[in-house]
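Structural overview
One letter stands for each residue in the lines below.
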Amino acid sequence: MEDSKLQYSNKFAVIEAGKEADERDSDTELMGDKRTNIQGVEGEKDEEGKEKVKIGGSGIMSNVTFASLGLSEPTLKAIKDMGFEHMTQIQARSIPTLLLNEDVLGAARTGSRKTLAFLVPAVELLYHLRFNPRNGTGVVVICPTRELAMQVKNVHL
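Residues numbered from 1 in each chain as written. Predicted model: local features only at pLDDT ≥ 70, side-chain atom pairs only at ≥ 80, totals over all residues. Heavy atoms only, no water.

As annotated in an unreviewed UniProt entry, the protein chain carries the name ATP-dependent RNA helicase and is attributed to Quillaja saponaria. Of the protein chain, the UniProt comment under Sequence similarities (unreviewed entry) reads exactly: "Belongs to the DEAD box helicase family." Under the heading Function (unreviewed entry), UniProt records this for the protein chain: "RNA helicase." (UniProt positions renumbered as here; feature names shortened; annotations may be inferred.)

Next comes the structure, spelled out in structure tokens:
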């Protein structure tokens, strides 16, 4: 798979934000069948009629803001309180797809805020369902290491 491509299989989107893509200073092209309309993202059709999306930015950061996603006020406030305004490349590629309730398999280097990339959509989906603790378990996060489990636990959305 080429770096920085979004491809849909039968069951999930595969997103890879590799080192080469993260270090590129130019726009990165993505391919996909479904995308939300977010600011800072230009859409056009390729020869097969699929939407072609460009997300600009340099390093691991993108030029897409969390505010452009149309998130709920409590989620936006929590993100702002953590000091984040712009998404990283992996977040800009995965969060809109996850908000569409599609499965995503994402890969990006350490420190690219992958944890937030899957927690924001999970919290948003629960918020819109008006989920309450009395409903039971809302999200199960499986972590391969204790360190990652502690990192996930310490995100307060």
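Regarding the nonpolar core
Nonpolar side chains in soluble globular proteins tend to be buried together. In terms of nonpolar packing, the biggest core is built from 10 residues, these being Val64, Phe66, Leu69, Leu71, Ile79, Met87, Ala92, Ile95, Leu116 and Val120. Broken down by secondary-structure element, the contributors of at least two residues to this core are helix H3 (89-99) and helix H4 (114-128). (Core = buried A, V, L, I, M, F, W, Y, C linked by side-chain atoms within 4.5 Å. Buried < 20%, exposed > 50% of the residue type's maximum accessible area, 1.4 Å probe, protein only. Helix = DSSP H or I, 4+ residues; strand = E, 2+ residues; numbered from the N terminus.)

Side note on a nonpolar patch on the surface
Side chains of Phe118, Val139 and Val141 sit close together on the surface and give an oily, nonpolar patch of about 210 Å² of accessible area. Note on Val141: relative accessible area 33%, which makes it partly exposed. (Patch = residues over 30% accessible without salt bridge, like charges linked within 9 Å, V, L, I, M, F, W, Y side chains within 5 Å. Areas by Shrake-Rupley, 256 points an atom, 1.4 Å probe, with all protein chains shown as cover. Salt bridge = Lys/Arg side-chain N within 4 Å of Asp/Glu carboxyl O.)

Let's talk about the UniProt feature "short sequence motif: Q motif" (unreviewed entry) in the protein chain
The UniProt record marks residues 64-92 with the feature "short sequence motif: Q motif" (unreviewed entry), using the residue numbering of this structure. Along residues 64-92 the backbone is 45% helical and 17% strand, and the end-to-end C-alpha distance reaches 7 Å.

A few points about the environment of Leu125
One can find Leu125 in helix H4. Taking the relative accessible area as the measure of exposure, Leu125 reaches 31% and is therefore partly exposed. For the pair Leu125 and Asn101, spaced 24 residues apart in sequence, the C-alpha separation works out to 8.4 Å. The contacts of Leu125, once residues within four sequence positions are left out, are Leu98, Leu99 and Asn101. (Contact = heavy atoms within 4.5 Å.)

Concerning the side chain of Ser62
Among the secondary structure elements, Ser62 is positioned in strand S6 (residues 61-65). On the basis of relative accessible area, Ser62 is assigned to the buried category, the value being 6%. Looking at Ser62, its side chain comes within polar contact range of the main-chain nitrogen of Val64, at 3.2 Å. Of note is the side chain of Ser62, whose polar atom sits 2.8 Å from the backbone oxygen of Met87. (Polar contact = N/O pair within 3.5 Å; in protein donor to acceptor, adjacent residues only side chain to side chain.)

A closer look at the pattern of salt bridges
In the structure shown here, the tally under the stated rule is 1 salt bridge. For Lys77, the salt bridge identified is with Asp81, shortest N-O distance 2.9 Å. One end of the pair, Lys77, and the other, Asp81, are both in helix H2 (residues 73-81), 4 residues apart, so they sit about a helical turn from each other. Accessibility expressed as a relative area gives 57% for Asp81, which makes it exposed.

Considerations on the packing of H2 against H4
Relative orientation of the contacting elements H2 and H4 amounts to 150°, with a least axis distance of 10 Å. As summarised for this structure, H2 and H4 are arranged roughly antiparallel, according to the angle between their axes. In the packing of H2 onto H4, the handedness of the crossing is right-handed. Between H2 and H4, the residues in contact are Pro74, Thr75 and Ile79 and Val120, Val123, Glu124 and Tyr127, respectively. Residues belonging to the contact of H2 with H4 are distributed by class as follows: 5 nonpolar, 1 polar and 1 charged. (Axes fitted to C-alpha atoms, helices over the stretch in contact; angles between N-to-C directions. Parallel < 35°, antiparallel > 145°, perpendicular 65-115°, else oblique. Left-handed = near helix turned anticlockwise from the far one by under 90°. Nonpolar A, V, L, I, M, F, W, Y, C, P; charged D, E, K, R; others polar.)

Examining the packing of H3 against H4
A pair of packed helices is captured by two measures, namely the crossing angle of their axes and the spacing between those axes. Closest axis-to-axis distance for the H3/H4 pair is 9 Å, and the angle between their directions is 25°. Our classification of the angle between H3 and H4 gives roughly parallel. Between H3 and H4 the crossing geometry is right-handed. For the pair H3 and H4, the contacting residues are Ile90, Gln91, Ser94, Ile95, Leu98 and Leu99 in the first and Lys114, Leu116, Ala117, Phe118, Val120, Pro121, Glu124 and Leu125 in the second. Looking at side-chain class alone, the contact of H3 with H4 contains 10 nonpolar, 2 polar and 2 charged residues.

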